[in-house]
Amino acid sequence: MELLKERILREASIINQDVLKLDALLNHQVDPQLTLEMGKEFARLYAETPITKVITVESSGIPAAFTTAMALNVPLVFARRKKTLIADPDSYSERVPSFTKGIVTDIMVSRQFLTPDDTVLFIDDIIANGDAARGLIKIIERSGAKLAGLGIVVEKSFQAGARTIREQGIRVESLVKIASLEGGQIRFEQ
């Protein structure tokens, strides 16, 4: 997605050779028009699959997942990271480390929103090591739902996350693949 690459080059900040800050596009501020285009592209990539729900992990994946669900005309479900007073006590749960937060959290999905009748498309903003993705994949597997694949806005292909998921035979479609952040330069995969 050339528009996304242009915006990343213009607005992203490189923190170090492993961390790219995308607050101006995905993680703190959201550009609605760009996000709508992302959703349309994910819907196009998975158009041949009968998706019943789009799923993501809160919170940064929600905008792209929402526009994808809208384009596919299906509900959006997101895994919560924090238990609330009104949380469904009958939830699928998995402990996952967060690469950017440096902590371990629980992600939870209510059993009422993820069933064996579902075919889900997992959308997320960034994949680095893939820990959150693997955790949500385990939840999807336990629910009996079918995973159509993953749609990732930004894949850091120099880290193992997406590669290890592909090695499990799971389809992963990324809008942008970043090959390196070394030397303070963003290099995209060709």
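Model, not experiment: these values are computed from the prediction.

**Some thoughts on the side chain of T35**
Within the secondary structure, T35 sits in helix α3 (residues 32-45). A distance of 2.7 Å separates a polar atom in the side chain of T35 from the backbone oxygen of D31. Not counting the four nearest positions on each side in its chain, T35 is found in contact with V30, P63, A64 and T67.

**Examining the UniProt feature "binding site: xanthine" (unreviewed entry) in the protein chain**
On the UniProt side, "binding site: xanthine" (unreviewed entry) is annotated at positions that read L20, N27 and K156 here. Along the polypeptide, L20 turns up in strand β2 (residues 20-21). Not counting residues within four places of it along the chain, the set of residues in contact with L20 comprises I8, A12, S13, I14, K156, I178, L181 and I186. Considering the arrangement of structural elements, one finds K156 in strand β8 (residues 146-156). Looking at K156, the relative accessible area reads 4%, which means it is buried. A polar contact of 2.5 Å, which involves the side chain of K156, links it to the backbone oxygen of D18.

**What about the sheet that holds strand β7 (residues 119-127)?**
On the basis of which strands lie adjacent, the open sheet formed by six strands has the order β4-β3-β7-β8-β9-β10 and mixed pairing. Because the sheet does not close on itself, it has two edges, and the strands there are β4 (76-79) and β10 (187-188). Summarising the sheet, strand β3 (residues 53-57) and β4 pair through four bridges and their orientation is parallel. What sits directly across from V57, in β4, is A79. Contacts between helix α1 (residues 2-11) and the sheet are confined to β8, β9 (172-180) and β10, with β9 contributing the most and set at about 35° to the helix. Contacting β7, β8 and β9, α3 runs over the sheet at an angle of about 120° to β9.

**Focus: the packing of α3 against helix α4 (residues 62-72)**
Packing of α3 against α4 leaves a shortest axis separation of 7 Å and a crossing angle of 55°. Taken as axis vectors, α3 and α4 run oblique relative to one another. The handedness of the crossing between α3 and α4 is right-handed. On α4, the residues touching T35, L36, M38, G39, K40, F42 and A43 of α3 are P63, A64, T67, T68, M70, A71 and L72. Partitioned by chemical class, the residues of the contact of α3 with α4 number nine nonpolar, four polar and one charged.

**Things to note about the pattern of salt bridges**
For the coordinates displayed, the defined rule picks out 16 salt bridges. Note that E48 is salt-bridged to R171, the shortest N-O span being 2.7 Å. Residue E48 is located in the loop between α3 and β3, and its partner R171 is located in the loop between α6 (161-167) and β9; the two are separated by 123 residues in the primary sequence. Here R171 falls in the partly exposed class, since its relative accessible area comes to 28%. Three or more residues are tied together by salt bridges with common partners; here these are R7, R10, E11 and D31.

**Observations concerning the environment of A162**
Within the element layout of this structure, A162 appears in helix α6. Residues A162 and I152 lie ten residues apart in sequence; the distance between their C-alpha atoms is 8.9 Å. Residue contacts for A162: discarding those within four places in its chain leaves I127, A128, E155 and V172.

Analysis parameters
- Residues numbered from 1 in each chain as written.
- Predicted model: local features only at pLDDT ≥ 70, side-chain atom pairs only at ≥ 80, totals over all residues.
- Heavy atoms only, no water.
- Helix = DSSP H or I, 4+ residues; strand = E, 2+ residues; numbered from the N terminus.
- Polar contact = N/O pair within 3.5 Å; in protein donor to acceptor, adjacent residues only side chain to side chain.
- Contact = heavy atoms within 4.5 Å.
- UniProt positions renumbered as here; feature names shortened; annotations may be inferred.
- Buried < 20%, exposed > 50% of the residue type's maximum accessible area, 1.4 Å probe, protein only.
- Pairing = 2+ DSSP bridges.
- Axes fitted to C-alpha atoms, helices over the stretch in contact; angles between N-to-C directions.
- Parallel < 35°, antiparallel > 145°, perpendicular 65-115°, else oblique.
- Left-handed = near helix turned anticlockwise from the far one by under 90°.
- Nonpolar A, V, L, I, M, F, W, Y, C, P; charged D, E, K, R; others polar.
- Salt bridge = Lys/Arg side-chain N within 4 Å of Asp/Glu carboxyl O.

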